[in-house]
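Descriptive structure summary
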Amino acid sequence: MEYRDLVIIGAGPAGLAAAISAYEQGIRDILILERENFLGGILNQCVHNGFGLHTFHEELTGPEYASRYIDKLSDLKIEYMLETMVIDISEMRNVIAINEKRGVMEIQAGAIILAMGCRERPRGALNIPGSRPSGIYSAGTAQKFVNLDGYLPGREIVILGSGDIGLIMARRLTLEGVNVKMVLEILPYSSGLKRNIVQCLDDYDIPLKLSHTVTKIHGSERIEGVTVSQVDEDLMPIPGTETYVSCDALLLSVGLIPENELSRKANVTINPKTQGPIVNERLETSRPGIFACGNVLHVHDLVDYVSEEAALAGKNAADFIKNVSSEGLEVEIFAGDGVRYTVPNKVNPINVEKYLPVRFRVTKVFSQATVLVEFDNLPVHKKKKTIMTPGEMEQVFLPKSWFTERPFLRKITVRIEGDENA
Amino acid sequence: MRESQKLTCINCPMGCELEVSFTDSGEIIVSGYKCLKGLDYAKKEVMNPTRTITSSVPVVDGEMAMVSIRTDRDVPKKLIRDCMMLLKDMKVNAPISAGDIIIENICGTGVNFIATRSVRKK
Ligand SMILES: Cc1cc2nc3c(=O)[nH]c(=O)nc-3n(C[C@H](O)[C@H](O)[C@H](O)COP(=O)(O)OP(=O)(O)OC[C@H]3O[C@@H](n4cnc5c(N)ncnc54)[C@H](O)[C@@H]3O)c2cc1C
Ligand code: SF4
């Protein structure tokens, strides 16, 4: 069996940044495994701009952002294998992958970094009565059709769900001459970034209907139209509000879930809130030597944070391979009132360098509320925020000194206090 | 006198609803912003709104079927559709390097469509 110091699964921005960072920490025996025939992951189909503002201070398109890392990877001569699908990993870091030329490969890894990204919620998860004609696609699939394969999913389109991919596709298709009739969102607010609502919908006068959903799909072989209804506070359709909208395609932009089939095989504990692995401050999962970063860990809206997080995972995997020990007790981080989840979920204070970034999402829209960080139920940090929405990731930075001042710390809580909307 | 215009500021998640109106002498009055970024944004949006256009076009003989492209600078918002018309039925031949000009001086703006990735020959 082959042995490799570090095996990285997935060559999206997370896998690429993790590899470069591990290399910079002195690890040379690195192998990246990618199932597609190109590097860069989902960025290849994201031809729009808006990537990298934080890291490079300019607005790059997806492919341009990816190429900054791909170029670096080839300069460093880091090894990768394309069209290679990882099918199994074990708790003991044994990796099984298949590739047409080499067949089944078994690799023992010193450390593994999971960077498989996320996938769209399947349409089965959606409860719409009516037949299942063709012409229903996830927004990401439609994005791949248009940007990578070069054909249009339809001529008259309704988009269900106001996630960012749906918004971006509304603009992209409009510019291709498609009639995008409306974007429907069942919640009373959009989960998309404000910038995308303005630049993808408002710019082209595409209506965004909040508190609306599709209640019936019409057509037998090909979709012919949908029934649209308004919903009440409990998200139940309000009788009498139904309208018929004709269309030849329906795009679903109903959210992303981390791709963790492999992680489950390795018995990595999954956080039910994020659908990604539970990790400590080193981004190490419940299995020693298996790390996770990027969208496989939790869905990010900014690629810059993906790269940043991945660099940290790469460094920590390098430390693991070099056998840097970490003694001391782990402190749990809890998502308190108003916080849906935090990443990481645990911290060993010894390993905190200058500060510990804690990223989280809130449970609903908060205005004029306070982010509260508590150490053993005592507030250590308060920050007032004019607005927080579930669609945008929030973060707090906990300086090293807070940990050194409290050697017996057991528990950290992040919660939201006070809300005008309440 | 021009009619007043409603905008949403995109500079932070607050998303302030801005209203822009004009005095008889042509001065711009903005209301609804919570910080100065909103004021600047509103002025630019009513006086000279611009956008980057991104798209992708088919490649002949390429390793990939499509090449992604964008404008190398912003173009006036009102010219977006005209610029897109130029891409209709457009095809490019492989090989293409990132940064190559795909169409020069689009709609007389001095702005070019450039490739945002490289595509090798098949
Ligand atoms: C449609 C869309 C639009 C976006 N727009 C923006 C934007 O405007 N601005 C911004 O900053 N961010 C944006 N993002 C977010 C950002 O692009 C993502 O957060 C980022 O690409 C995630 O990187 P990743 O490496 O975790 O995942 P991915 O890019 O998805 O990469 C994962 C890789 O793993 C591979 N893989 C998976 N399973 C296996 C396996 N079993 N074996 C081998 N390989 C495997 C996949 O093929 C893929 O290449 C957008 C995301 C999407 C989906
Ligand atoms: S005006 Fe200021 S506070 Fe309001 S959305 Fe714009 S940047 Fe944010």
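For clarity, every value in this text was computed on a predicted model and none was experimentally measured.

This part covers the overall build of chain A. Along the backbone of chain A there are 9 helices and 29 strands. The C-alpha atoms of chain A give 23 Å as radius of gyration, which agrees with the globular expectation for 422 residues (22 Å, within 12%). Per-residue burial over chain A gives 55% buried out of 422 residues. Partitioning the intrachain contacts of chain A with sequence separation of at least 6 by distance along the chain shows that 63% fall at a separation of at least 24.

Broken down by element type, chain B carries 2 helices and 10 strands. Written out in order from the N terminus, the α and β elements of chain B read β-β-β-α-β-β-β-β-α-β-β-β. Relative to a compact globule of 122 residues, whose C-alpha radius of gyration would be 14 Å, chain B shows 19 Å and is clearly more extended. Taking the principal axes of its C-alpha atoms as reference, chain B extends roughly 60 × 30 × 20 Å. Considering chain B as a whole, with its 122 residues, one finds that 43% of them fall into the buried category. Counting contacts in chain B only where the partners sit at least 6 residues apart, residues at least 24 apart contribute 47% of the total. Here chain B has roughly 6900 Å² of accessible surface; of this, 49% comes from carbon and sulfur atoms.

As a further point, take the site of ligand 1. Residues and elements named next belong to chain A. Among the 33 residues in the neighbourhood of ligand 1, the closest are listed as Ala14, Glu34, Ile42, Asn295 and Val303. A distance of 2.9 Å separates an oxygen atom of ligand 1 from a polar backbone atom of Ala14. Between ligand 1 and Arg35 there is a distance of 3.2 Å, counted from a nitrogen atom to a backbone nitrogen or oxygen. Residue assignment for the shell around ligand 1 shows that the elements contributing at least two residues are α1 (13-24), β3 (49-51), β6 (84-89) and α8 (303-321). When grouped by side-chain class, the residues that make up the shell around ligand 1 number 18 nonpolar, 11 polar and 4 charged.

The periodicity of an α-helix, 3.6 residues per turn, causes residues three or four positions apart to be oriented the same way. By the criterion of burial, helix α4 (residues 139-149) of chain A is predominantly enclosed, with 8 of the 11 residues buried. Looking only at α4(A), the buried set comprises A:Ala139, A:Gly140, A:Ala142, A:Gln143, A:Phe145, A:Val146, A:Asn147 and A:Leu148. Buried positions along α4(A) lie against β9 (118-120), β10 (136-138), α5 (164-175) and β17 (249-252) of chain A together with β5 (54-60) and β6 (66-71) of chain B. Two residues or fewer past α4(A), A:Gly150 is found with a positive phi of approximately 85°.

Another point: the domain arrangement of chain B. Split into domains, chain B comes out as domain 1 (5-47) and domain 2 (54-115). A C-alpha centroid distance of 32 Å is found between domain 1 of chain B and domain 2 of chain B.

All names here are of chain A. Taken in spatial order, the 3 strands of this open sheet run β14-β15-β16, and their pairing is antiparallel. Of all strands in the sheet, those with a lone pairing partner are β14 (212-218) and β16 (243-246), marking the two edges. Shown here is a sheet whose adjacent strand axes are inclined to one another by a mean of 35°, direction ignored. As defined by bridge partners, β14 adjoins strand β15 (residues 225-230) across 6 bridges and the pair is classed as antiparallel. Note on β15: the bridge partner recorded for Thr213 is Ser229.

Our next topic: the packing of α1(A) against α8(A). All names here are of chain A. Contact pair α1 / α8: the axes reach a minimum separation of 7 Å and the direction vectors enclose 40°. Here α1 lies oblique to α8, going by the angle between them. Of the two elements, α1 crosses α8, and the hand of that crossing is right-handed. Packed against α1, whose contacting residues are Pro13, Ala14, Ala17, Ala18, Ser21 and Ala22, the element α8 presents Val303, Val306, Ser307, Ala310, Ala311, Gly314, Lys315 and Ala318 at the interface. Among the residues forming the contact of α1 with α8, the class breakdown is 10 nonpolar, 3 polar and 1 charged.

Each partner contributes residues to the interface: chain B has 23 residues there, and chain A has 27 residues. Overall, the association of chain B and chain A removes approximately 2300 Å² of surface from exposure, summing both partners, and the carbon and sulfur fraction of that is 57%. The three residues of chain B that bury the most area against chain A are B:Ile10, B:Pro13 and B:Thr54, which together make up 23% of that side's buried surface. Joining chain B to chain A, the criterion identifies 3 salt bridges. We note a salt bridge from A:Asp203 to B:Arg51, for which the minimum N-O separation is 2.6 Å. The tally of links between chain B and chain A comes to 6 residue pairs in polar contact (both at pLDDT 80 or more).

Moving on, we get to the sheet that holds strand β22 (residues 331-335) of chain A. Neighbouring strands of a sheet are bound in pairs by backbone hydrogen bonds; such pairs are parallel or else antiparallel. Residue and element names in this part refer to chain A. Sheet architecture is open: 5 strands sit in the order β24-β22-β29-β26-β27, paired in mixed fashion. With partners counted over all chains shown, the strands left at the sheet margins are β24 (346-347) and β27 (378-388), one partner each. Here strand β26 (residues 366-375) pairs with β27 via 9 bridges, running antiparallel. What sits directly across from Val371, in β27, is Lys383.

This paragraph deals with the packing of aromatic side chains. Each pair of aromatic rings is reported with the distance of its centres and the angle of its planes. Residue and element names in this part refer to chain A. One pass over the full model with this rule turns up 9 aromatic pairs over all chains. Seen from their ring centres, Phe56 and Tyr65 are 5.6 Å apart, and the 70° between their planes marks the pair as edge-to-face. Classification of Tyr65 as buried rests on a relative accessible area of 0%. Each ring, one from Phe375 and one from Trp402, has its centre 6.2 Å from the other, and the planes form 80°; the classification is edge-to-face. You can see Phe375 sitting in strand β26 and its partner Trp402 sitting in helix α9 (residues 400-404), a full 27 residues away along the chain. Residue Phe375 shares its accessibility class with Trp402, and that shared class is buried.

The next point concerns α5(A). Residue and element names in this part refer to chain A. End to end, α5 covers 17 Å across 12 residues, agreeing with the expected 16 Å (1.5 Å per residue, within 8%). Burial analysis of α5 places 10 of its 12 residues in the buried class, which makes it a mostly covered element. Here α5 has its buried residues at Gly166, Leu167, Ile168, Met169, Ala170, Arg171, Arg172, Leu173, Thr174 and Leu175. The first or second residue beyond α5 is Gly177, which carries a positive phi of 90°.

Another point: the side chain of A:Ser263. Here A:Ser263 lies in helix α7 (residues 261-265). What A:Ser263 contacts, discounting residues up to four positions off in sequence, is A:Leu114, A:Met116, A:Val268 and A:Ile270.

All names here are of chain A. Under the counting rule described, the total for this entry stands at 29 salt bridges over all chains. Between Glu284 and Arg282 there is a salt bridge, and its shortest N-O distance comes to 3.7 Å. Linked by salt bridges that have partners in common, Glu2, Arg4, Asp29, Glu79 and Arg102 make up one network.

Here is what the cut-offs are and how they apply
Residues numbered from 1 in each chain as written. Chains lettered and ligands numbered in written order. Predicted model: local features only at pLDDT ≥ 70, side-chain atom pairs only at ≥ 80, totals over all residues. Heavy atoms only, no water. Helix = DSSP H or I, 4+ residues; strand = E, 2+ residues; numbered from the N terminus. Rg over C-alpha atoms; globule rule 2.2 N^0.38 Å. Buried < 20%, exposed > 50% of the residue type's maximum accessible area, 1.4 Å probe, protein only. Contact = heavy atoms within 4.5 Å. Areas by Shrake-Rupley, 256 points an atom, 1.4 Å probe, with all protein chains shown as cover. Near = heavy atom within 4 Å. Polar contact = N/O pair within 3.5 Å; in protein donor to acceptor, adjacent residues only side chain to side chain. Nonpolar A, V, L, I, M, F, W, Y, C, P; charged D, E, K, R; others polar. Domains from an automatic or database assignment. Pairing = 2+ DSSP bridges. Axes fitted to C-alpha atoms, helices over the stretch in contact; angles between N-to-C directions. Parallel < 35°, antiparallel > 145°, perpendicular 65-115°, else oblique. Left-handed = near helix turned anticlockwise from the far one by under 90°. Buried area = accessible area lost by both parts, 1.4 Å probe. Salt bridge = Lys/Arg side-chain N within 4 Å of Asp/Glu carboxyl O. Phe/Tyr/Trp six-rings, centres within 6.5 Å; stacked < 30°, edge-to-face > 60°. Expected span 1.5 Å × (residues − 1).

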